[in-house]
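Residues per chain are reported as follows:
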Amino acid sequence: MAHAPADGAPDLLWRAGPLRGDGPGREDEGSPGGEAGPRRAQPAPPPPGVAVLLMSRLRRSQLPWALWRLARGGRVLAGVPGLRFGRVLGSGANGGFGLEPGLDCQGVFALFDRLDDAERFATVSRWARAYRSRSREHFAATLLATSARGSWSGQSMSAVLSPVPGAPVAALARAAIRPRRLAAFWRHSPPAEAELAGAPGCMLAVGLGEAPLLRQATFSVWNDAGAMDAFARHGAHQRAIRASYEGGFFSEWMFVRFVPVALRGCWNGRAFEALPP
C-alpha cells in the first residue's frame with residue numbers, strides 16, 4: 001500500500017487541444033523580402049489532468065490472458081487515442097494490499113489530455129470491452145485531478161479542476177520503494193491497510209502494483225474530502241506516512257486527488273453506474 005500524504009458539475013479549468021506551431025511556409029514579417037525566419041520551438045504540453053482507472057476481477061479461465069498482459073505492460077495500450085501515459089497493474093489477493101498476489105485481479109491506469117478521449121476509453125474502447133468480456137466484476141472510474149504532487153516513472157499530472165466541497169473524491173497514491181527500505185515499509189503497511197478496509201466514508205479501495213513489493217499504489221474513493229482527511233491524518237496511516245518520509249522509503253512517489261466524473265460497474269459486490277454491454 002502506498003501511503004497518501006494528508007493534505008454539481010464543476011467547471012473544467014483547462015482542456016488541451018492540438019498544439020499549434022508555426023506552419024510550413026509561414027513567413028517572418030520582420031525578415032527582408034519575406035524570407036522565412038527561424039522556427040520557434042514548440043512549447044511542451046502541460047502535464048495531463050484527466051485519468052481513467054479500470055479494475056477487473058477476471059474469470060479463472062482468463063488468467064493466461066491476464067498474465068500475458070502484465071508481462072507486456074503498457075505496450076498493450078499502444079494505439080489508444082489521446083493516451084499520454086498508461087500502465088497495466090497487478091493487485092493483491094481479492095484486490096487488496098497484502099503480499100499474496102491476486103492473479104485474477106488486474107488494473108489499468110491511463111492519463112489523457114481530453115475528457116472525451118478518457119470517457120471513450122473507459123466505456124466503449126476495445127481495451128475496456130476486452131476486460132469486461134473476461135471479467136466477473138469490472139469497475140471503471142473517469143477522473144479529473146484537483147491536486148497533484150510527485151511523478152510516476154517521470155510523468156507528472158496537473159490540476160484541471162477546483163475541489164468541490166461535499167462531493168465525492170478519489171485519491172491515488174503511488175510509490176517506488178527503495179529495496180533497502182522494503183522491510184521497513186511493509187512493517188508499517190498492514191495496520192494502515194486494516195484501517196482503510198473499515199474507514200468511515202470509504203466507498204472503494206484497491207491495492208495495485210507494477211512490480212511485486214517494490215512499486216505499489218492505492219486507489220480509493222470517498223464520500224467527501226472530510227472522510228478521506230480524517231483517515232489520512234490519524235492512526236496507523238498517519239504513522240506510516242511519517243515513517244515513510246523520515247525513513248526515506250521512496251525513490252519516487254505521486255499523490256493525486258480527483259473529482260470522479262463517473263464511477264461505473266461493480267466492485268466487491270457494490271454496484272455503481274451501469275456500463276455499456
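So, how was this worked out
Residues numbered from 1 in each chain as written. Predicted model: local features only at pLDDT ≥ 70, side-chain atom pairs only at ≥ 80, totals over all residues. Heavy atoms only, no water. Phe/Tyr/Trp six-rings, centres within 6.5 Å; stacked < 30°, edge-to-face > 60°. Buried < 20%, exposed > 50% of the residue type's maximum accessible area, 1.4 Å probe, protein only. Lys NZ or Arg CZ within 6 Å of the ring centre and 35° of its normal. Helix = DSSP H or I, 4+ residues; strand = E, 2+ residues; numbered from the N terminus. Pairing = 2+ DSSP bridges. Salt bridge = Lys/Arg side-chain N within 4 Å of Asp/Glu carboxyl O. Patch = residues over 30% accessible without salt bridge, like charges linked within 9 Å, V, L, I, M, F, W, Y side chains within 5 Å. Areas by Shrake-Rupley, 256 points an atom, 1.4 Å probe, with all protein chains shown as cover. Polar contact = N/O pair within 3.5 Å; in protein donor to acceptor, adjacent residues only side chain to side chain. Core = buried A, V, L, I, M, F, W, Y, C linked by side-chain atoms within 4.5 Å. Arc of directions from axis to C-beta. Contact = heavy atoms within 4.5 Å.

S.K.: Would you take a moment to explain the packing of aromatic side chains for this structure?
M.R.: Applying the stated criterion to the full structure yields 8 aromatic pairs. Ring geometry for F121 and W127: centres 6.5 Å apart, planes at 45 degrees, overall tilted. On the basis of relative accessibility, which here comes to 9%, the residue W127 falls in the buried class. One aromatic cluster is present, built from ring pairs that chain together F85, F109 and W152. The cationic tip of R126 hangs over the ring face of W127; the distance from NZ or CZ to the ring centre is 4.0 Å.

S.K.: I would appreciate a short explanation of the pairing of strand β7 (residues 215–222) in the present structure.
M.R.: Consecutive side chains of a regular strand alternate in pointing toward one face of the sheet and then the other. The buried count for β7 comes to 7 of 8 residues, which makes it a mostly enclosed element. Summarising the sheet, strand β5 (residues 169–177) and β7 pair through 8 bridges and their orientation is antiparallel. Each bridged residue has a counterpart across the sheet, and for A170 the counterpart in β7 is V221. Bridge count for strand β6 (residues 202–211) against β7 is 8 bridges, and the pairing is antiparallel. Bridging from a neighbouring strand, G207 pairs with T218 of β7.

S.K.: Even after reading the chapter, I still don't get the pattern of salt bridges, so can you show me in this structure?
M.R.: Side chains that carry opposite charge are capable of pairing whenever their charged atoms lie near each other. Enumeration over the complete set of coordinates arrives at 12 salt bridges. Here R57 ties to E137 by a salt bridge, and the two come within 2.9 Å at their closest N and O atoms. Linking R57 in strand β1 (residues 50–58) with E137 in strand β4 (residues 135–150), this pair joins segments that are 80 residues apart in sequence. Across this residue pair, the class does not change: R57 and E137 are buried. In this structure, R174 and E210 form a salt bridge, with 2.8 Å as the shortest nitrogen-oxygen distance. Here the residue R174 occupies a position in strand β5, and E210 occupies one in strand β6, the gap between them amounting to 36 residues. Residues joined in a network through salt bridges with shared partners are R87, R174, E210 and E252.

S.K.: Teacher, can you tell me more about a nonpolar patch on the surface here?
M.R.: Together, L67, L70 and L103 give the surface a local cluster of nonpolar side chains, amounting to about 240 Å² of exposed area. Among the structural elements, L103 can be located in the loop between β2 (83–91) and β3 (105–112). A relative accessible area of 44% places L103 in the partly exposed class.

S.K.: How do you make sense of helix α5 (residues 225–232) when you look at a structure like this?
M.R.: At 3.6 residues per turn, the α-helix brings residues three or four places apart onto the same side. Turning to α5, its buried residues are A227, M228, D229, F231 and A232. By the N-cap criterion, in which a side-chain oxygen at the helix start approaches the backbone nitrogen of a residue two or three places on, α5 is capped by D224, the distance to G226 being 3.2 Å.

S.K.: Honestly, the nonpolar core in this entry has me stumped. Any pointers?
M.R.: Nonpolar side chains in soluble globular proteins generally cluster together in the buried interior. Counting 29 residues, the largest nonpolar core has F109, F139, M157, F219 and F258 as its most contacted members. Counting residues per element, the ones that place at least two in this core are β1, β2, β3, β4, β5, β6, β7 and β8 (250–267). With 5 residues, β8 is the single largest residue contributor to this core. Among the nonpolar cores identified, the runner-up in size contains 25 residues, and V50, V52, L58 and V259 belong to it.

S.K.: Looking at this structure, how should I read the pairing of β2?
M.R.: Here 6 bridges tie β2 to β3, and the two strands are oriented antiparallel to one another. Counted as the bridge partner of R87 is F109 from β3. By the bridge criterion, 2 bridges tie β2 to β6 in an arrangement that is antiparallel. What sits directly across from G90, in β6, is G209.

S.K.: Looking at this structure, how should I read helix α1 (residues 63–72)?
M.R.: Within the sequence span of α1, burial applies to L63, W65, A66 and R69. Considered in projection along α1, the buried side chains sweep an arc of 160 degrees and stay on one side of the axis. Away from its buried face by more than 90 degrees, α1 exposes P64 and A71. At its buried positions, α1 is contacted by β1, β2, β3 and α3 (126–133). A positive phi of about 65 degrees marks G73, the residue just after α1.

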